[in-house]
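Below are the chains, spelled out letter by letter.
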Amino acid sequence: MRRRRSPSVEAFLAPVDLSEVALVQTLAAISSELVSCFSDKVFFFQRRNSRCLIRKIEVLVVLLEYLKDSESGSMSKLPSTAILCFNELYLLLYRSKILLDYCAQSSKLWLLLQNPSISSHFHDLNQEISTLLDVFPLNDLELSDDVREQVELLQKQARNPKLYVDESDEGLRVKLFSFLDDFGNGRIPNHGDLRLFFVERLWIRNSISFRREIEFLEEQIVNHEGDIEPTACVLNGFVAIVRYCRFLLFGFEEDEVLFLSRDQKKPRKGLIAREIADTFLTVPKDFCCPISLELMRDPVIVSTGQTYDRSSITRWIEEGHCTCPKTGQMLDHTRLVPNRALRNLIVQWCTAHGVPYDPPETRDASAESFAAACPIKAAVEANRATATLLIKQLADGSQGAQTIASREIRLLTKTGKENRAFIAGAGAIPHLRKLLSSSSPIAQENSVTAMLNLSIHDKNKRLIIDEDGCLTSIVEVLKLGLTTEARENAAATLFSLSAVHDFKKRIADQEGAIEALAGLLRVGTLRGKKDAVMALFNLSTHTDNCARMIKARAVAELVGALQNEGVAEEAAGALALIVRQPIGAEAVGKEEMAVARLITMMRCGTPRGKENAVAALLELCRSGGAAATERVLKTPALAGLLQTLLFTGTKRARRKAASLARVFHRCENTSLHPGGFRNGNSTTNISTFGGDVSVPMSLSVL
């Protein structure tokens, strides 16, 4: 479905430079095509405005056809004023085509919401046509009496055009907004009123028609421009209401399952990239909290330099954690420094995209704030009512109804922590857990993706983990899912759940979980590999999981992933955690290409990848014994890379590089490498690492 924009935006088309004859012929062809296309078209809205515009064009067709067919040769003698008028008419005809096409193809609800604006577009066109006819040199042209009479009559009728807004259409628009007010005030409109409005008045008479209306409105939200009314949050409210009415009025029609089957075959836009994302929506990744994965409202910086949403990191610290959730480093202190630069960027982005942004310190109870919150509350209440219908179908509906319900819950949980909270609270998780074992690929994929979306909300993580058999079922989908998307979304769900420290060991203890993640890291799509490596990274932060990860060959797959640019950074980070334990260091040391690939990352990886690589090498030297240390330090390229990192690396990379340089120095002094750190045929001493920069032995290493 292509993007719809305001008709006026696309209407400014410059006429080509045509001769007088060609200009009249072109205008005659365009106007005739317009009449042919739209004279028999049934316009559900803007009927009178559309018919009035078409009638005017019909008269212009008569004039243009007469001039085109005239045997008098009068076209070659057109006065300059007429040529100017015809050039202007070229523009007006194209604007008319755009406007009529817009009214014929847009959704009913969108046209209803845009009723005053579209009426204004018709009025603007009528005014310009009136001006053109007033200055048109009719008396200077050789026309038949019949043609002249018709054009003169059109001139009289077109003078002083009045804005026409259909009272019946406007009444329907007001009624639609009254439904929004009802939901915003916690009242669910009467079933009969909703049926009368949508079915009898708007003629939206089946479930698939409702679905198309919803998709059209959602398209407008995605492509929303800041100056267009209604606002994006109001549109979200209407989408929620229409979704509720769809299921209330038509239930869960079986033919919708066939529609879903066809829809599933469309090219995917990237699923977690789209499904968790829309949390990651269109929301830039840097604007999302690494803990909650939601848009940050109050970004703050912790001692490791990472940024989190204040509420998320505060809760993390209050739970007794003393490490950085993203890097696993110990926190020097628990002071939180506001990241005002990032907050300003988030505010600018929200303003540009019509996303509500309400930092905690700016909230108030003013009437203006309440008015802005009303559509949001209406959306929440309508979605809550819809969720009740959906969960009932998950519980006792037919297989087809359950498939549809799981898809809709998946969509509802894409965005908004309120949706995720009340859907889980209403009891959706046990029913979704049963669908994870469904023989229907669509139902399984929708249920595991819904579970993923629900897990983004912190409190839901506990509900999912504590649901009997739920974690096992998610792992089974990861191992044996019926579609690639289902398997990868199961991995993403484990990644989300493993953000909680207490759950890391429970996940790793699931039979086949780590093996399946390691396998996905080897053969999955880029998105699947990303989710798998992040899940393994989270699991590796729990010391009890190291032995299991080695046994499951996860270490070998992480070493292999160092060659994949899309996941190398996270793979190096996971290895840096694993090698902190002697058994982990031993396992990495046995991987023939581990050191070489980490060295390659130090040379050409991302800044974060370089710091993870040097951290992994440092920990390998510390925990792997003399053999591992010698293997690292004898690498010819290491000296120059450490020197480069000491000057150009991130703050953490410089610390790690300095510590690794000290390891070399100690080894040099004990004659592990007599004469220094060999680089090709030359020898590099500790003074090489930093020149005048001292490397104190008391430097704190995080």
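Per chain, the residues get numbers from 1 upward, laid out in the order the sequence is written. Owing to the predicted nature of the model, reporting of local features is limited to residues with pLDDT of at least 70; listing and counting of side-chain atom pairs is limited to 80 or more, with chain, interface and lining totals taken over all residues. In computing side-chain properties, one takes all heavy atoms of the structure into account and sets aside hydrogens as well as water.

Chemist: Looking at this structure, how should I read the overall build of the protein?
Modeler: Under the DSSP-based scheme used, a helix requires at least four consecutive residues in state H or I and a strand at least two consecutive residues in state E, with every element numbered from the N terminus. Assigned secondary structure in the protein consists of 33 helices and 5 strands. The buried share among the 702 residues of the protein stands at 52%. Counting only contacts in the protein whose residues sit at least 6 apart along the sequence, the fraction spanning at least 24 positions is 73%. Only protein chains enter the accessibility calculation, which uses a 1.4 Å probe. A residue is then buried if its area is under 20% of the maximum for its type, exposed if over 50%, and partly exposed in between. Throughout, a contact is declared for two residues whenever any of their heavy atoms are within 4.5 Å.

Chemist: Sorry, what's going on with the nonpolar core here?
Modeler: As a rule of thumb, nonpolar side chains are buried together in soluble globular proteins. Here, nonpolar core refers to any group of buried Ala, Val, Leu, Ile, Met, Phe, Trp, Tyr and Cys residues whose side-chain atoms link them within 4.5 Å. Counting 107 residues, the largest nonpolar core has I409, I474, L517, L558, M602 and L660 as the members making the most contacts within it. These domain boundaries are the output of an automatic or database domain assignment. Each of domain 4 (399–526) and domain 5 (553–669) accounts for three or more of the residues forming this core. Those residues within four positions of L660 in sequence are excluded, and the remaining contacts are V614, L617, L618, C621, L633, L638 and L642.

Chemist: Sorry if this is basic, but what is going on with helix α31 (residues 625–633) here?
Modeler: Since one α-helical turn is 3.6 residues long, residues separated by three or four positions face the same way. Those residues of α31 that sit buried are A628, T629, V632 and L633. Viewed along the axis of α31, the buried residues span an arc of 125°, placing them on a single side of the element. Turned more than 90 degrees from where α31 packs its buried face, A626 and A627 sit exposed. Taking the helix axis as origin, the arc is that swept by the directions to the C-beta atoms.

Chemist: What am I meant to see in empty space enclosed by the protein here?
Modeler: Any empty space left between atoms is shown by rolling a water-sized probe over those atoms. Using protein atoms alone on a 1 Å grid, points that fit a 1.4 Å probe yet trap it form a cavity, whereas open point sets bounded by protein on both sides within 12 Å along at least five of seven lines form a pocket; residues with an atom within 4 Å of a point count as lining. Grid points are joined across faces, edges and corners, and a volume is the space filled by probe spheres set on the points. Summed over the entire model, instances satisfying the criterion amount to 3 cavities of 30 Å³ or more. Here the largest cavity defines a volume of roughly 80 Å³. Surrounding the largest cavity, 13 residues form its lining, T327, G573, A576, N612 and R652 being those nearest its centre. Every element with two or more residues in the lining of the largest cavity is listed here: α27 (568–578), α30 (607–623) and α33 (651–669). The dominant element in the lining of the largest cavity, judged by the number of residues it contributes, is α30, at 4 residues. Residues are sorted three ways: Asp, Glu, Lys and Arg are charged, Ala, Val, Leu, Ile, Met, Phe, Trp, Tyr, Cys and Pro are nonpolar, and all the rest, Gly among them, are polar. Considered class by class, the residues forming the lining of the largest cavity number 5 nonpolar, 3 polar and 5 charged. The space that makes up the second largest cavity amounts to roughly 50 Å³. Lining the second largest cavity are L60, L63, F86, L89, L132, L133, F136 and V151.

Chemist: Sorry if this is basic, but what is going on with the sheet that holds strand β1 (residues 299–301) here?
Modeler: The strands making up a sheet are joined through hydrogen bonds of the backbone, oriented either antiparallel or parallel. Sheet architecture is open: 3 strands sit in the order β2-β1-β3, paired in antiparallel fashion. Every other strand in the sheet has two partners, leaving β2 (307–309) and β3 (337–338) as the edge strands with one partner each. By the convention used here, strands pair only if DSSP detects at least 2 bridges between them. In terms of strand pairing, β1 meets β2 through 3 bridges, oriented antiparallel. Of the residues in β2, the one forming a bridge with I301 is T307.

Chemist: How should helix α12 (residues 310–318) be read in this particular structure?
Modeler: Three or more residues of α12 are buried, namely S312, I313 and W316. Mapping the buried residues of α12 onto a view down its axis gives an arc of 90°, with all of them on the same face. Taken together, the buried residues of α12 touch β1 and β2. Count one or two residues on from α12 and you reach G320, which has phi positive near 100°.

Chemist: Got a minute to help me understand unusual backbone geometry in this structure?
Modeler: In terms of backbone geometry, most residues other than glycine have negative phi values and most peptide bonds are trans. Here Q46, not a glycine, exhibits a phi torsion of approximately 60°, which is positive. For Q46, the location among the structural elements is in the loop between α1 (20–38) and α2 (47–69).

Chemist: Sorry, what's going on with the side chain of R148 here?
Modeler: One can find R148 in helix α6 (residues 145–158). Here R148 sits buried without a salt bridge, and the closest side chain of opposite charge, E152, lies 4.9 Å off (N-O distance). The definition of a polar contact used here is a pair of N or O atoms within 3.5 Å, where within protein one atom must be able to donate a hydrogen and the other to accept one, and adjacent residues in sequence count solely through side-chain atom pairs. In terms of polar contacts, R148 uses its side chain to reach the backbone carbonyl oxygen of L141, at 2.9 Å. Residue contacts for R148: discarding those within four places in its chain leaves L138, N139, L141 and L143. In this tally, Asp and Glu contribute negative charge and Lys and Arg positive charge; neither His nor the terminal groups of the chain are included. Here, a salt bridge means any Lys or Arg side-chain nitrogen found within 4 Å of an Asp or Glu carboxyl oxygen.

Chemist: What exactly am I supposed to notice about the packing of α27 against α30 here?
Modeler: Geometrically, a packed helix pair is captured by the angle between its two axes and the distance between the axes. Axes here refer to lines fitted to C-alpha atoms; in helices the fit is confined to the stretch in contact. Angles between the N-to-C directions go from 0 to 180 degrees. Between α27 and α30, the least distance of the axes is 8 Å, while the angle of their chain directions is 25°. Between α27 and α30, the angle falls in the class roughly parallel. Crossing of α27 against α30: the hand is left-handed. Across the interface between the two elements, E569, A572, G573, L575 and A576 from α27 touch R608, G609, N612, A613, A615, A616 and E619 from α30. For the contact of α27 with α30, the per-class residue count stands at 6 nonpolar, 3 polar and 3 charged. Oblique is the label for any angle not under 35 degrees, not over 145, and not in the 65 to 115 range, which are roughly parallel, roughly antiparallel and roughly perpendicular in turn. For any helix crossing, the convention is left-handed if the near helix is rotated counterclockwise from the far helix by under a right angle, and right-handed if that rotation is clockwise.

Chemist: Help me understand the pattern of salt bridges in this model?
Modeler: Where charged atoms of side chains with opposite charge meet at close range, the side chains can pair. Evaluated as defined, the whole model comprises 31 salt bridges. A salt bridge links R522 to E557, with the nearest nitrogen and oxygen atoms 2.9 Å apart. Highlighted residues: R522 in helix α23 (residues 513–523) and E557 in helix α26 (residues 554–561), separated in sequence by 35 residues. Look at E557 and you get buried, because its relative accessible area is 15%. Through salt bridges with shared partners, a single network forms among E218, R243, R246, R407 and E408.

Chemist: Sorry, what's going on with the packing of aromatic side chains here?
Modeler: What describes a pair of aromatic rings is the distance from one ring centre to the other and the angle between the planes of the rings. By convention, a stacked pair of Phe, Tyr or Trp rings (six-membered ring in the case of Trp) has centres within 6.5 Å and planes under 30 degrees apart, an edge-to-face pair has planes over 60 apart, and any other such pair is tilted. Taken as a whole, this structure holds 11 aromatic pairs when the rule is applied. Both rings, one in F197 and one in F198, keep their centres 4.9 Å apart while their planes meet at 85°; by these two values the pair is edge-to-face. Judged by relative accessible area, F197 falls into the buried class, the value being 3%. Judged by its relative accessible area of 0%, F198 falls in the buried class. Three or more aromatic residues joined by ring pairs form one cluster here, namely F179, F197, F198, F210 and F250. Geometrically, a charge over a ring is one whose NZ (Lys) or CZ (Arg) sits within 6 Å of the ring centre while staying within 35 degrees of the ring normal. The ring of F44 carries K108 above its face, with NZ or CZ at 4.4 Å from the centroid.

Chemist: It is not clear to me how the environment of E476 should be interpreted in this structure. Could you clarify?
Modeler: Its place among the elements puts E476 in helix α20 (residues 470–480). For E476, a relative accessible area of 34% translates into the label partly exposed. Spatially, the C-alpha atom of E476 lies 8.5 Å from that of L436, the residues being 40 residues apart in sequence.

Chemist: Mind showing me how you'd approach the confidence of the model for the protein here?
Modeler: Where the model shows low pLDDT, its predicted coordinates should not be examined in detail. Residues with a pLDDT of 70 or more make up 83% of the protein, whose mean pLDDT is 81. One number per residue, pLDDT, summarises how confident the predictor is, and it ranges from 0 to 100. Low pLDDT (under 50) marks residues 1–14, which in the prediction has 30 contacts with non-local residues, meaning those over four places away or in another chain.

Chemist: What's the story with the environment of H501 in this structure? I'm lost.
Modeler: Relative to the helices and strands, H501 is located in helix α22 (residues 501–508). As a C-alpha pair, H501 and H542 span 41 residues in sequence and 7.4 Å in three-dimensional space. With sequence-adjacent residues up to four places away left out, H501 is seen in contact with H321, T541 and H542.

Chemist: Can you help me understand the environment of I514 in this one?
Modeler: In this structure, I514 sits in helix α23. Judged by relative accessible area, I514 falls into the buried class, the value being 0%. If near-sequence neighbours (up to four positions away) are discounted, I514 is found in contact with A508, L536, L539, R548, M549, A552 and A554.

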